[in-house]
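Chain and residue survey
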Amino acid sequence: MRIKFEEIRHLIPNYIFNEYGQLTGNYVHFDQIICTSEDGRIKIWLNQEALNAQDPELLICDYAESALRGLSQ
């Protein structure tokens, strides 16, 4: 299921995106980020093409939803 990046953006430290960009050479455009939630995980993809390809090199981060949102299991 897709979720809006704006819904969780405040939960992700900005350095995550900076480090991802520096390590991969991929520039992160916040208006192109795609977020998905499934199987208790939230995945943040670089863009729609990254999601379509399911390319792990283009996966910015993958968090347990409970940890990210501070929910108890």
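Here the structure is shown first, and the text comes after it.
Here the residue index of a chain counts from 1 through its sequence in written order. Per-residue local features of the predicted model are confined to residues with pLDDT of at least 70, and side-chain atom pairs are confined, for both listing and counting, to 80 or more; whole-chain, interface and lining totals are unaffected and use all residues. Think of the side-chain values as coming from all heavy atoms in the structure, minus any hydrogens and water.

The next thing to look at is the pattern of salt bridges. Definition used for salt bridges: Asp or Glu carboxyl oxygen within 4 Å of a side-chain nitrogen of Lys or Arg. Under the counting rule described, the total for this entry stands at 3 salt bridges. When the shortest N-O distance is used, the salt bridge between R69 and E7 registers 2.9 Å. Here E7 lies in helix α1 (residues 5–8) and R69 lies in helix α4 (residues 65–69), a separation of 62 residues in the sequence. To sort residues, take the accessible area from a 1.4 Å probe on protein chains only and compare it with the maximum for the residue type: under 20% means buried, over 50% means exposed, and anything in between is partly exposed. Overall, the relative accessible area of 28% leaves R69 in the partly exposed class. Its salt-bridge partner being E65, residue R69 comes within 2.9 Å of it at the nearest N-O pair. Here R69 pairs with E65, and both are found in helix α4, just 4 residues apart, close to one helical turn. Elements are defined by DSSP. Helices are runs of H or I of four residues or more, strands are runs of E of two residues or more, and each kind is numbered from the N terminus.

Only buried residues count toward a nonpolar core, which is a set of Ala, Val, Leu, Ile, Met, Phe, Trp, Tyr and Cys residues joined through side-chain atoms within 4.5 Å. I8, F17, V28, I33, C35, I44 and I60 are the most contacted members of the largest nonpolar core, which totals 21 residues. In this description, contact between two residues means that some pair of their heavy atoms is separated by no more than 4.5 Å. Setting aside residues up to four positions removed in sequence, I8 forms contacts with I3, C35, I42, I44, L68 and R69.

This next bit is on the pairing of strand β2 (residues 34–38). The element β2 is extensively covered by neighbouring structure, given that 4 of its 5 residues are classed as buried. Bridge analysis of strand β1 (residues 2–3) against β2 gives 2 bridges, and the strand direction is antiparallel. Bridging from a neighbouring strand, R2 pairs with T36 of β2. Pairing between strands is defined by DSSP: at least two bridges between them are needed. Pairing of β2 with strand β3 (residues 41–45) involves 5 bridges; the strand directions are antiparallel. Its bridge partner being in β3, I34 is matched across the sheet by W45.

Before going further, it helps to spend a moment on the environment of F5. Considering the arrangement of structural elements, one finds F5 in helix α1. A C-alpha to C-alpha distance of 11 Å links F5 and N47, two positions 42 residues apart in sequence. If we ignore the near neighbours within four places in the chain, the residues touching F5 are F17, F30, I33 and C35.

Turning next to unusual backbone geometry. If you check the backbone angles, D39 has positive phi at about 55 degrees while not being a glycine. Its location among the elements puts D39 in the loop between β2 and β3. Its identity is not glycine, yet Q54 carries a phi of approximately 50 degrees, on the positive side. With respect to the element layout, Q54 can be found in the loop between α3 (48–53) and β4 (59–64).

Read these as layout, nothing more, since geometry by itself doesn't imply function.
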